[in-house]
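# Architecture at a glance
The chain contents come next:
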Amino acid sequence: MSAAGGGTSATAAPVPTHAQIPLSSLVVDAFKTRSAQLTYFLSHFHADHYTGINHKWNYSKIFCSQITAALLEANLAVDPAYIAPLPMHSRIPIHRSPLSGTITIQPDEIPPNGHIVLLDANHCPGAAMLLVEFESDDGKRKKYLHTGDFRFHQRMTSWQEWQLYDLPIDTLFLDTTYCHPKHKFPLSGTITRTIAEQVQKTLLEDNPPHRKTLVVVSTYTIGKERLLLALASLHPTLKIYVSQSKLRTLSLLDLDSPPLDESEHLRTTTPNAMDVFTTDTKDPTPFHVASWGAMGEMAPGGWRFVPDWTKCRTILESANAALPHETLDKYTHFLGIVPTGWTWGLQKNTEKLFETIGKDGWGQIWTVPYSEHSSYEELRSFVGFLRPARVVATVGQPSCASRFRDLVDNKRAHGDAVRGLFGGGAKSEGVGENNDDGRRVDDEEGDDDDDEDEGKVAKLLAAAAASSTTATATTPTGTWLDGNVAREKPQKFDPCPLLCGKSFASQSQLQSHVDSCLEQQQSSRKRPRSPPPRPSPLSASPTTRGKKAKKAVTATTTTAKQTTLFQFFKGADRT
């Protein structure tokens, strides 16, 4: 199945580093760059990831999960000819063309030389991580993982795909939404179960007609469905009101499939999860679903939820107006549930599961730490399990990747950088390296002396390769830069890149020399150095002697002033 499409126009905007699978035409969630030469993958159906896709899309096929494919066609009216649904957790053959790096997924006539696998991202229905494995031009097997948006769960470590593809990963493109130690929130199953129990307790305290509570849950187009099913599980006689468009979307999500966190899979009395939803406005259910932002919005910076009580009052009045006229018990109280992990790190009392915002006795909003992104500790657990050579942050500042410096395989990363000088390795990126878009990833936490030495040597290697002007041999390598047009780029390897002064006539001789030269330079850094001999005053020039004499007079004057002040204060103490 070829990735090429029939689009006649394309934009030459560069693909972001965090979206480009190295040495290939494969890009993830990069639809602002439009070209028939690219192979597109959509990780999930959230607007910040499918930006650039509309009903006019005709550039190249969009590969994605089956659920995401259904949403593209139903919600964005994308031509099915440009949608290529793929199964989850299945080895899908691909072919990577030498030099150009063009990826063909499910090739028809050419033999495959790699595979991709869509892994459950535990984020929203249809969300998939992309595991890529192929043979590079130097014959080595390259393995990359792009997480898209994901929520780590310990059960991920038992997947057989890790054994099939022989960990570790070369480069991990990581969802760093909550890449800070302050972001610690409970497991999803704990949150959904506890919130459902707290809502049940609130409804039991109702005393119509004096008190009757309307419960409104804010959700995205897709996402947060597990919280809705948890509410339904504890109230089997009640349904959840949704709009017609929301019901159509829910019908595409396969909500009956169990999540990774088994504690979230709360069985209802009906065999079909869709049976818990209703679009009947006259249904007296107290559970309603609202769109994200219907009850307020996040404050600038995204750290605090600001309720819009006028909107909340309108929702309450609309629900009462829809009830049958013969119903005397109208809703008197409003309870809004906003599931987000952003506000959790700012709570003053972290023993409380959620923060409550009240309004004049009739309204309450719970900001619930239910997140479908990984917490900071979960991110570290995932990186520690995979042990990649490099980490590239896909959200926030590129320096986020440096928080995982102690978990990556530094030896493999450094080896790849050295081999890259000879056309045999991937371009260095991620932790502690320069990315293709010119951004610098600095180490925020600091390293030991060995890591610093390796970083200095890596910089030296890169500088030497860039400044070298003489060579006796070249080797072509394919790149996807400058509008994603493949071209041959010569690599120089005649002089030693460590600047020791030696040069070699063949690639093999030079590469073996670099290894020994690198060890010598690193060992020399660790030996204590004797202080340099002081030059004789007579050996200095007249100008230098004059400057030193002036400094000596200044130092003597300063010492005299300090002594005078000390004596003054010492005398003052006596009095």
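Before going into details, it helps to say that this report is about the structure given with it. Owing to the predicted nature of the structure, the values given are computational and were not obtained by experimental measurement.

Scoring rules and cut-offs
- Residues numbered from 1 in each chain as written.
- Predicted model: local features only at pLDDT ≥ 70, side-chain atom pairs only at ≥ 80, totals over all residues.
- Heavy atoms only, no water.
- Helix = DSSP H or I, 4+ residues; strand = E, 2+ residues; numbered from the N terminus.
- Buried < 20%, exposed > 50% of the residue type's maximum accessible area, 1.4 Å probe, protein only.
- Contact = heavy atoms within 4.5 Å.
- Areas by Shrake-Rupley, 256 points an atom, 1.4 Å probe, with all protein chains shown as cover.
- Pairing = 2+ DSSP bridges.
- Phe/Tyr/Trp six-rings, centres within 6.5 Å; stacked < 30°, edge-to-face > 60°.
- Lys NZ or Arg CZ within 6 Å of the ring centre and 35° of its normal.
- Salt bridge = Lys/Arg side-chain N within 4 Å of Asp/Glu carboxyl O.
- Axes fitted to C-alpha atoms, helices over the stretch in contact; angles between N-to-C directions.
- Lys, Arg positive; Asp, Glu negative; His and termini not counted.
- Polar contact = N/O pair within 3.5 Å; in protein donor to acceptor, adjacent residues only side chain to side chain.
- Core = buried A, V, L, I, M, F, W, Y, C linked by side-chain atoms within 4.5 Å.
- Parallel < 35°, antiparallel > 145°, perpendicular 65-115°, else oblique.
- Left-handed = near helix turned anticlockwise from the far one by under 90°.
- Nonpolar A, V, L, I, M, F, W, Y, C, P; charged D, E, K, R; others polar.

### What to know about the overall build of the protein
Scanning the protein from N- to C-terminus turns up twelve helices and 22 strands. Looking at the 575 residues of the protein, the share that counts as buried comes to 48%. Partitioning the intrachain contacts of the protein with sequence separation of at least 6 by distance along the chain shows that 67% fall at a separation of at least 24. Of the roughly 27,900 Å² that the protein leaves accessible, carbon and sulfur atoms contribute 53%.

### Focus on the pairing of strand S10 (residues 171-174)
Both faces of S10 are covered, namely the face carrying Thr171 and Phe173 and the face carrying Leu172 and Leu174. As paired elements, S10 and strand S20 (residues 390-393) share four bridges and run parallel to each other. Looking across to S20, one finds that Phe173 is bridged to Val392.

### Considering the packing of aromatic side chains
Scanning the model with the defined rule gives 14 aromatic pairs in all. Each ring, one from Phe31 and one from Trp57, has its centre 5.7 Å from the other, and the planes form 75 degrees; the classification is edge-to-face. Placement of the pair is Phe31 in the loop between strand S1 (26-28) and strand S2 (39-41) and Trp57 in the loop between helix H1 (47-50) and strand S3 (62-65), with a sequence separation of 26 residues. Among the aromatic residues, those joined into a ring-pair cluster are Phe31, Tyr40, Trp57 and Tyr59. The side chain of Lys212 reaches across the aromatic face of Tyr331, ending 4.8 Å from its centre.

### Notes on the pattern of salt bridges
Enumeration over the complete set of coordinates arrives at seven salt bridges. The shortest N-O distance in the salt bridge between Arg141 and Glu133 comes to 2.4 Å. On the accessibility criterion, Arg141 (36% relative accessible area) is partly exposed. With a shortest N-O distance of 3.6 Å, Asp360 and Lys359 are connected by a salt bridge. For Asp360, a relative accessible area of 64% corresponds to the exposed category. One salt-bridge network, held together by shared partners, links Glu133, Glu135 and Arg141.

### Focus on the sheet that holds strand S18 (residues 355-359)
What the seven strands build is an open sheet, ordered S13-S12-S14-S11-S17-S19-S18; its pairing is mixed. With one partner strand each, in any of the chains shown, strand S13 (277-278) and S18 form the two edges of the open sheet. Helix H5 (residues 225-234) contacts strand S11 (213-219), strand S12 (240-241), S13, strand S14 (287-291) and strand S17 (333-339) of the sheet and is inclined by roughly 155 degrees relative to S11.

### With respect to the side chain of Lys246
Looking at where Lys246 falls in the secondary structure, it is placed in helix H6 (residues 244-250). Glu225 is the oppositely charged side chain nearest to the buried, salt-bridge-free Lys246, at an N-O distance of 4.6 Å. Only 2.9 Å separates the side chain of Lys246 from the backbone oxygen of Tyr220, close enough to count as a polar contact. Non-local contacts of Lys246, meaning those with residues more than four positions away in its chain, are made with Thr219, Tyr220, Thr221 and Val289.

### A short note on the nonpolar core
One finds Ile53, Leu72 and Leu145 to be the most contacted residues of the largest nonpolar core, which totals 83 residues. For this core, the leading source of residues is H5, giving six residues. Of all hydrophobic cores here, the second largest spans 20 residues; its members include Leu26, Val28, Ala128 and Val132.

### Observations regarding the sheet that holds strand S4 (residues 83-86)
The strand order across the open sheet built from four strands is S1-S2-S3-S4, with neighbouring strands paired in parallel fashion. Of all strands in the sheet, those bounded by a partner on one side alone are S1 and S4. For this sheet the average axis-to-axis angle between neighbouring strands, irrespective of direction, equals 30 degrees. With two bridges connecting them, S2 and S3 associate as parallel partners. Of the residues in S3, the one forming a bridge with Phe41 is Phe63.

### Here's the deal with the packing of helix H4 (residues 188-204) against H5
Where H4 contacts H5, the axes come no closer than 9 Å and their chain directions differ by 45 degrees. What the angle tells us is that H4 and H5 run oblique. As for how H4 packs across H5, the hand of that crossing is right-handed. The segment H4 lies against H5, with Thr192, Ile195, Ala196, Glu197, Val199 and Gln200 engaging Arg226, Leu227, Ala230, Leu231 and Leu234. Counted by class, the contact of H4 with H5 contains seven nonpolar, two polar and two charged residues.

### With respect to helix H8 (residues 376-386)
Regarding H8, the residues found buried are Tyr376, Glu378, Leu379, Arg380, Phe382, Val383 and Leu386. Here the buried face of H8 lies against strand S8 (128-135), strand S9 (141-146), helix H3 (161-164), S10 and S20.

### Looking at the environment of Gln364
Along the polypeptide, Gln364 turns up in strand S19 (residues 363-368). By relative accessible area, which is 35% here, Gln364 ends up partly exposed. Each C-alpha atom, one on Gln364 and one on Trp309, is 9.6 Å from the other, the two residues being 55 residues apart in sequence. Those residues in contact with Gln364 that sit more than four places away from it in its chain are Trp309, Phe334, Leu335, Gly336, Thr356, Ile357 and Gly358. Polar contacts involving the side chain of Gln364 include one to the side chain of Trp366, which spans 3.4 Å.

### Focus: the pairing of S18
Where S18 meets S19, five bridges bridge the pair, whose relative direction is antiparallel. What sits directly across from Lys359, in S19, is Gly363.

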